[in-house]
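Results of the structural survey
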Amino acid sequence: GRTFFKEEVLRVFLEQADVLVGTAEPLVEQLETYLKRFGIEKKTILYLANAVDGEMFCGKNKHERPKDLVEGERTFLYYGTLWGEWFDWNLVIGLAERNPKYAINLIGNAEGLQTRIKSCPANIHLLGLKAQPGVPAYLQYVDYALLPFKTGKIGDYVSPLKIFEYIAMYTKVLTTPLPDIQDYPNLYFGDTVESWE
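Right, let's walk through the structure included here. (Residues numbered from 1 in each chain as written. Predicted model: local features only at pLDDT ≥ 70, side-chain atom pairs only at ≥ 80, totals over all residues. Heavy atoms only, no water.)

With that settled, consider the overall build of the chain. Along the backbone of the chain there are 7 helices and 8 strands. Across its three principal axes, the chain shows a C-alpha extent of roughly 55 × 40 × 30 Å. Burial status across the chain gives 44% buried among its 197 residues. For the chain, contacts bridging at least 24 residues in sequence account for 68% of all contacts bridging at least 6. About 11100 Å² of surface is accessible on the chain, with carbon and sulfur atoms providing 51% of the total. (Helix = DSSP H or I, 4+ residues; strand = E, 2+ residues; numbered from the N terminus. Buried < 20%, exposed > 50% of the residue type's maximum accessible area, 1.4 Å probe, protein only. Contact = heavy atoms within 4.5 Å. Areas by Shrake-Rupley, 256 points an atom, 1.4 Å probe, with all protein chains shown as cover.)

Structure follows, in structure tokens:
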């Protein structure tokens, strides 16, 4: 899949596709720009936001509290990619350092992050990978779900699937101000440790 990010591979995909879909409005605009740049005739481009499996992620369903969930004065959860350059470690670590009684639970693959993990405060808890069907139980027992994605180069072009899962579980979300999610319910925005507090 890595070759997809090469311009010549992208061009082939765009030329051969009958319909193009962007999961965030800036991606739709970017598709239009690529078509012009590559001299590809106008194609149908649809905006189709990500969605959620409403049976799996349903806030009305009751779950047992996960045994490895660490609770604090306030309990937070993030699940997903921990190694991407869009993940704002400084924001998460800053929140933990300034609030040692908070428990920040991170679900995801931490392989290759040993140096980063060693420097994390003791109230950041790495729970490892979890199967998706087990994630709603974690969301049901936290105060806030986290979406610490950096804005800018990558963050401005995402419509994170997890935001829909968080919302469907009636979990309050502490997030950075990503353009595509500005009007969603139950979100609290900030891009500094102070604003997250």
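For Asn123, the location among the structural elements is in the loop between α4 (114-118) and β5 (124-128). If near-sequence neighbours (up to four positions away) are discounted, Asn123 is found in contact with Ala96, Asn99, Pro100, Tyr102, Ala103 and Ile104.

Let us now look at the packing of aromatic side chains. We describe a pair of aromatic rings using the distance from one ring centre to the other and the angle between the two ring planes. Counted according to the given criterion, the structure contains 10 aromatic pairs. Between Tyr79 and Tyr166, the aromatic rings sit 5.5 Å apart at their centres with planes inclined by 85 degrees, giving edge-to-face as the arrangement. Placement of Tyr79 in strand β3 (residues 75-79) and of Tyr166 in helix α6 (residues 161-168) is noted, with a sequence separation of 87 residues between them. Grouped by ring-pair contacts, the aromatic residues Phe76, Tyr102, Tyr144 and Tyr188 constitute a single cluster. (Phe/Tyr/Trp six-rings, centres within 6.5 Å; stacked < 30°, edge-to-face > 60°.)

Before going further, it helps to spend a moment on the packing of helix α1 (residues 7-16) against helix α2 (residues 25-38). The contact between α1 and α2 brings their axes to 11 Å, and the two run at 100 degrees. The orientation of α1 relative to α2 falls into the category roughly perpendicular. Side by side, α1 and α2 meet where Glu7, Leu10, Arg11 and Leu14 of the first sit next to Leu31, Tyr34, Leu35, Arg37 and Phe38 of the second. When the residues that make up the contact of α1 with α2 are grouped by side-chain class, the tally is 6 nonpolar, no polar and 3 charged. (Axes fitted to C-alpha atoms, helices over the stretch in contact; angles between N-to-C directions. Parallel < 35°, antiparallel > 145°, perpendicular 65-115°, else oblique. Nonpolar A, V, L, I, M, F, W, Y, C, P; charged D, E, K, R; others polar.)

Following the criterion strictly, the structure yields 6 salt bridges and no others. With its nearest N and O atoms 2.2 Å apart, the salt bridge here joins Glu7 to Arg37. Note that Glu7 is positioned in helix α1 and Arg37 in helix α2, a separation of 30 residues in sequence. Arg98 is the salt-bridge partner of Glu197, the closest N and O atoms lying 2.7 Å from each other. In this pair, Glu197 sits in the segment after α7 (193-196) while Arg98 sits in helix α3 (residues 89-98), placing the two residues 99 residues apart along the sequence. You can call Arg98 partly exposed: its relative accessible area is 44%. A single network of salt bridges, built from pairs that share partners, joins Arg98, Glu194 and Glu197. (Salt bridge = Lys/Arg side-chain N within 4 Å of Asp/Glu carboxyl O.)

Quick look at the environment of Trp86 now. Residue placement: Trp86 occurs in the loop between β3 and α3. Placed 16 residues apart in sequence, Trp86 and Val70 show a C-alpha to C-alpha distance of 25 Å.

One open sheet accounts for 6 strands, arranged β5-β4-β3-β6-β7-β8; its pairing is parallel. Since the sheet does not close on itself, it has two edges, and those belong to β5 and β8 (187-189), each with one partner. Pairs of neighbouring strands in the sheet enclose a mean axial angle of 25 degrees, with direction left out of account. As judged from the 4 bridges shared by strand β6 (residues 144-147) and strand β7 (residues 172-175), these two strands associate in the parallel manner. (Pairing = 2+ DSSP bridges.)

Before going further, it helps to examine unusual backbone geometry. With phi around 60 degrees, Tyr170 is a residue other than glycine that occupies positive phi space. Its place among the elements puts Tyr170 in the loop between α6 and β7. Here Asn186, not a glycine, exhibits a phi torsion of approximately 70 degrees, which is positive. Here Asn186 shows up in the loop between β7 and β8. What makes Asn186 partly exposed here is its relative accessible area of 32%.

By themselves, these observations are geometric and do not establish any function.
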